[in-house]
Amino acid sequence: MSSWAFRFFTSQAQVFHNLARVVLLIGGVVFVDAGMRISAAADITVLAGPAGGRTAESPAAALVNEPFAIDFDAEGRLYGVEFTRGNRVFRSKEPITADGGPATFEFVAGQFHTNADKPAPPVVVAEARAADIRFKGMHDLAVAADGRIFLADTFHHLIRVFDPAAGRVSTLAGTGQPGFAGDGGPAAKAVFNEPYCGSLSPDSSRLLVADIRNHRLRVIDVAANTVETVAGNGKQGQPIDGARATETPLAGPRAACEAADGTIYLVLREGNALVAIRDGRVQTVVNASGKGGYGGDGGPGRQALLKGPKYVCMDREQRVLIVDTENHCIRRYDPATGSIDLVAGVPQRGGAVVGTDWKTTELRRPHGVRIAPDGRLVIADSDNDRLLIGRY
């Protein structure tokens, strides 16, 4: 069977909601599902997936299911990973641009399956064709400057490398067995326990890996292929402000990103917080209390509340975008002022309504966010099985 692709046609900017079609190309035959709608509000467009959110309990191989992390390559093409409802890597065939035409998406790595499938897919450690790989619960991806794509194959306890040009996937780090070992040595011999995040430093020289079950943030030197721990002492708990990063507990290190000045920002899922790691020290910058909840927009980040944050990335102004998943919204922390504000979503209300702007648009447990090359904001609205794009 040839590659799968699907088209999502959006309406013109002056139209709030317009009938659209989802097109699936199978072996050169075009199938049209006229029952799907793509919404185009004043600022927000459904880039992929159903406008009204998840429509079926059982996932369909023809559609993107449960999109988690997203990133862009040097040409402006969007890449993303599916979590347990699909277990594949997808991408747009064309660059995502404000003046571009309809986006066409295709699956480029991984076999479609859900994690409920039995028997469980085998772990593939050696290099293999991308189409032959069976991932298991990917959480993250990061596109390097050279075009390689690093994948957090979480429930296989591996960090993979996908080469789109060669159409092959290899293993960078991990043995496929859960545990902790290998700091100071080669990445291929290191042992992880559910690596949730694989985020690149600005120069693509280091890969930050949130090794959540080991309660550590680890880093892979991409050139040397070695692994080190940069935060966490292996114990679960709230971080100690001012402590050496490697000597403090961490409460669910879920995702990290690195700013241009070298500061690492790490979200703590169970700790409901954002911490900054600089000069080897840890400081909580959002939600010093560690309590789960919502509040604090417009005020100091340390006094604000988060609930189960799942992802972070930097925007162009070096502010930190926080995916506040269990509050169904996207927040933003500004290191220059120490303040936090709301960017997208209706706090504490999961839904699928596409509003006239980001703050009137409902999200349902988002897990990924990224700034597109043209400056727009893209959100992986995971439990709605869709991607949203809009003015930022």
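Residues numbered from 1 in each chain as written. Predicted model: local features only at pLDDT ≥ 70, side-chain atom pairs only at ≥ 80, totals over all residues. Heavy atoms only, no water.

1. Some points on the packing of aromatic side chains
Here is step 1: On inspection of all chains with the given rule, the structure shows four aromatic pairs.
Here is step 2: An aromatic cluster is present here, built from F68, F83 and F155 joined pairwise through their rings.
Here is step 3: One cation-aromatic arrangement involves R216 over F180; the distance from NZ or CZ to the ring centre is 3.7 Å. (Phe/Tyr/Trp six-rings, centres within 6.5 Å; stacked < 30°, edge-to-face > 60°. Lys NZ or Arg CZ within 6 Å of the ring centre and 35° of its normal.)

2. Focus: unusual backbone geometry
Here is step 1: Located in the positive-phi region is N225, a residue other than glycine, with phi close to 60°.
Here is step 2: Relative to the helices and strands, N225 is located in the loop between β18 (216–221) and β19 (226–231).
Here is step 3: Even without a glycine there, the phi angle at D385 is positive, about 55°.
Here is step 4: Tracing the chain through its elements places D385 in the loop between β29 (377–381) and β30 (386–390).
Here is step 5: Under the relative-accessibility criterion, D385 is labelled buried at 5%. (Helix = DSSP H or I, 4+ residues; strand = E, 2+ residues; numbered from the N terminus. Buried < 20%, exposed > 50% of the residue type's maximum accessible area, 1.4 Å probe, protein only.)

3. Structural notes on the side chain of T361
Here is step 1: Within the secondary structure, T361 is located in the loop between β27 (339–344) and β28 (368–371).
Here is step 2: On the basis of relative accessibility, which here comes to 0%, the residue T361 falls in the buried class.
Here is step 3: Within the structure, T361 has its side chain in polar contact with the backbone oxygen of D357 (distance 2.8 Å). (Polar contact = N/O pair within 3.5 Å; in protein donor to acceptor, adjacent residues only side chain to side chain.)

4. Notes on the environment of G351
Here is step 1: Its location among the elements puts G351 in the loop between β27 and β28.
Here is step 2: Residue class for G351 comes out buried when judged on its relative accessible area of 3%.
Here is step 3: As for G351 and T361, which are separated by ten residues in sequence, their C-alpha atoms are 8.4 Å apart.
Here is step 4: Ignoring any residue separated from it by four or fewer positions in sequence, one finds G351 in contact with E362, L363, R364, N384 and R386. (Contact = heavy atoms within 4.5 Å.)

5. Side note on the layout of surface pockets
Here is step 1: Roughly 830 Å³ of volume is contained in the largest pocket.
Here is step 2: Looking at the largest pocket, it is lined by 39 residues, and the ones nearest its centre are D71, F72, V143, P202 and R370.
Here is step 3: Elements that contribute at least two residues to the lining of the largest pocket include exactly β7 (67–72), β12 (140–143), β16 (195–200), β20 (253–258), β24 (311–314) and β28.
Here is step 4: Counting residues per element, the lining of the largest pocket draws most heavily on β24, at four residues.
Here is step 5: Of the residues in the lining of the largest pocket, the class split is 23 nonpolar, five polar and eleven charged. (1 Å grid on protein atoms, 1.4 Å probe; cavity = no way out; pocket = protein on both sides within 12 Å on 5 of 7 lines; lining within 4 Å. Points joined across faces, edges and corners; volume = space filled by probe spheres on them. Nonpolar A, V, L, I, M, F, W, Y, C, P; charged D, E, K, R; others polar.)

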